[in-house]
Amino acid sequence: MSRGVEGFIMKAYRADDYTLTVTYVEPVTDKYIRVGFTADGLLQNYPVHPTQWIRLWFDDGSGRQRQRGYTLVRQDPATDSFAIEFAVHYGPASVWAENAKAGDVIEASLLKGTGSSNFSIPEPTPPEFLIFGDTASLPAINTLLDAIGDVPARVCLEWQYESDVILPVHAHGKTELTWLQRVDDGRLVREHAESTIPAPGSFAWIACDGRTTRSIVKTLRAHGLAKESIKAQAYWK
Ligand SMILES: Cc1cc2nc3c(=O)[nH]c(=O)nc-3n(C[C@H](O)[C@H](O)[C@H](O)COP(=O)(O)OP(=O)(O)OC[C@H]3O[C@@H](n4cnc5c(N)ncnc54)[C@H](O)[C@@H]3O)c2cc1C
């Protein structure tokens with residue numbers, strides 16, 4: 001099946017390819033599905049780190065494969081396994097997750113060298129993290145919260161379905177969690193960013209839809225946060 005331009009680029013960068021097999025599928029809410037996989041040795045070559053993600057290839061129903069980014073959770077190199085949590089909406093990846101069953105296989109690609117992701121917690125540890133995301137970036141945010149332990153974090157999450165707000169967030173005693181409904185293409189989250197004043201030395205991690213992500217970066221830069229103190233990536237558009 002054709003992978004189009006995305007496949008050409010991955011080939012040009014000599015991406016590493018893996019074949020993952022589904023081991024279990026469990027609903028987390030009516031709009032969120034956790035899928036377990038065997039890792040095909042991937043974790044041996046790409047060490048586990050917070051916000052680790054890979055590119056999966058999904059059939060778009062027209063004879064083409066589409067590449068989508070997904071975050072690894074529950075990674076266990078000893079058993080060569082991990083899970084991925086899919087926010088359900090509409091699209092080839094979402095449809096695949098809704099129909100997934102044990103034994104299904106799916107192709108994954110990672111760029112050689114750093115892998116598809118290479119984020120690490122800044123050194124020295126910032127005094128506070130400012131985290132903006134939604135249900136697509138919640139798996140990554142949970143790995144981030146696990147990694148920073150009891151460092152204070154202000155976490156702002158956007159929800160689209162009522163059940164989103166009962167999704168597990170790995171908050172701890174020093175996590176200030178705010179859920180805001182997605183209205184007007186992320187207006188409430190953008191406004192929340194405007195009222196978020198970073199403490200000196202803070203680090204921001206931002207992964208919403210493209211427009212919201214860009215807007216929050218701009219706002220936090222205007223609030224005095226240095227470029228190097230921000231890790232931002234659009235998770236969907
Ligand atoms: C580094 C990285 C890690 C990611 N990790 C995860 C993860 O662990 N879990 C996860 O669920 N997603 C994750 N995403 C987001 C996921 O890749 C996108 O949501 C992707 O677009 C889904 O593909 P699709 O084929 O289902 O929909 P698409 O074909 O891309 O889009 C179809 C329609 O759905 C809309 N849409 C797409 N995504 C969303 C969304 N999240 N919410 C609402 N509407 C949407 C689009 O606007 C479009 O109208 C990650 C993205 C990146 C870049």
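It should be emphasised that the depicted structure is a prediction, and the values quoted were computed from it without experimental measurement.

Chemist: Which parts of the structure should I look at to understand the site of the ligand?
Modeler: Looking at the ligand, there are 22 residues lining it, with R68, G69, E85, A87 and K237 nearest. One of the backbone nitrogen or oxygen atoms of A87 is found 2.8 Å away from an oxygen atom of the ligand. Mapped by element, the contributors of at least two residues to the shell around the ligand are β4 (65–71), β6 (81–87) and α3 (92–99). Counting residues per element, the shell around the ligand draws most heavily on β4, which supplies four residues. Two domains share the shell around the ligand, each providing at least three of its residues, namely domain 1 (4–110) and domain 2 (129–232).

Chemist: Would you take a moment to explain the pairing of strand β9 (residues 153–159) for this structure?
Modeler: Successive side chains on a regular strand alternate, one facing one side of the sheet and the next facing the other. In terms of residue burial, β9 counts as a mostly covered element, since six of its seven residues are buried. Strand direction decides the pairing type here: strand β8 (residues 129–134) and β9, joined by six bridges, are parallel. In the strand pairing of β9, D134 is matched with E158. At this point the chain moves from β8, through helix α4 (residues 138–148), to the parallel β9, and the crossover so formed is right-handed. Judged from the seven bridges that link them, β9 and strand β10 (residues 175–181) form a sheet pairing that is parallel. Bridge pairing in β10 links W159 to Q181.

Chemist: In this structure, what is going on with α4? I would like to understand it.
Modeler: Helical periodicity: at 3.6 residues per turn, an α-helix aligns residues three or four positions apart in one direction. Most of α4 sits out of view: nine of its 11 residues are buried. For α4, the complete set of buried residues consists of L138, P139, A140, I141, N142, T143, L144, L145 and I148. Count one or two residues on from α4 and you reach G149, which has phi positive near 55°.

Chemist: Before we go on, may I ask you to explain the sheet that holds strand β7 (residues 105–110) in this structure?
Modeler: Adjacent strands of a sheet form backbone hydrogen bonds with each other and so pair up, either parallel or antiparallel. If you trace the seven strands from one edge of the open sheet to the other, you get β4-β3-β7-β1-β2-β6-β5, paired in antiparallel fashion. A single partner strand is all that each edge strand has here, and the edge strands are β4 and β5 (73–76). Each strand of the sheet is rotated relative to its neighbour by a mean of 35°, with strand direction disregarded. Bridge count for strand β2 (residues 32–38) against β6 is seven bridges, and the pairing is antiparallel. Residue pairing across strands places T38 opposite S81, the latter belonging to β6.

Chemist: Just checking my understanding: could you explain the packing of helix α5 (residues 187–194) against helix α6 (residues 210–222) for this structure?
Modeler: Helix packing for two helices is described by the angle between their axes and how far apart those axes are. Between α5 and α6, the shortest axis-to-axis distance is 9 Å and the interhelical angle comes to 15°. Considering the angle they form, α5 stands roughly parallel to α6. Relative to α6, the crossing made by α5 is right-handed. Seen from α5, the contacting residues are V189, R190, A193 and E194; seen from α6, they are R211, T212, S215, I216, T219 and L220. Per-class residue counts for the contact of α5 with α6 are four nonpolar, three polar and three charged.

Chemist: What is the right way to read the domain arrangement of the protein chain from this model?
Modeler: Size of an interface, as often reported, equals the accessible area lost when the parts are brought together. You can read the domains of the protein chain as domain 1 (4–110) and domain 2 (129–232). The straight-line distance from the C-alpha centre of domain 1 to that of domain 2 is 24 Å. Contacts between the two partners involve 14 residues from domain 1 and, on the opposite side, 15 residues from domain 2. Summing the contributions of domain 1 and of domain 2, the shared interface buries around 1100 Å²; its carbon and sulfur component is 69%. On the domain 1 side of the contact with domain 2, K31, Y32 and T51 bury the most area, a combined 39% of that side's loss.

Chemist: When you look at the sheet that holds strand β11 (residues 203–207) in this model, what are you seeing that I'm missing?
Modeler: One open sheet accounts for five strands, arranged β10-β9-β8-β11-β12; its pairing is parallel. Of all the strands in the sheet, the pair left with one neighbour each is β10 and β12 (230–232). Along the sheet, successive strands turn relative to each other by an average axial angle of 10°, direction set aside. Strands in contact with α4 are β8, β9, β10 and β11; relative to β8, the strand with the most contacts, it is inclined by about 160°. Seen against the sheet, α6 touches β8, β11 and β12 and runs at an angle of roughly 165° to β11.

Thresholds, definitions, all that
- Residues numbered from 1 in each chain as written.
- Predicted model: local features only at pLDDT ≥ 70, side-chain atom pairs only at ≥ 80, totals over all residues.
- Heavy atoms only, no water.
- Near = heavy atom within 4 Å.
- Polar contact = N/O pair within 3.5 Å; in protein donor to acceptor, adjacent residues only side chain to side chain.
- Helix = DSSP H or I, 4+ residues; strand = E, 2+ residues; numbered from the N terminus.
- Domains from an automatic or database assignment.
- Buried < 20%, exposed > 50% of the residue type's maximum accessible area, 1.4 Å probe, protein only.
- Pairing = 2+ DSSP bridges.
- Right-handed = clockwise from strand over helix to strand, strands pointing away.
- Axes fitted to C-alpha atoms, helices over the stretch in contact; angles between N-to-C directions.
- Parallel < 35°, antiparallel > 145°, perpendicular 65-115°, else oblique.
- Left-handed = near helix turned anticlockwise from the far one by under 90°.
- Contact = heavy atoms within 4.5 Å.
- Nonpolar A, V, L, I, M, F, W, Y, C, P; charged D, E, K, R; others polar.
- Buried area = accessible area lost by both parts, 1.4 Å probe.

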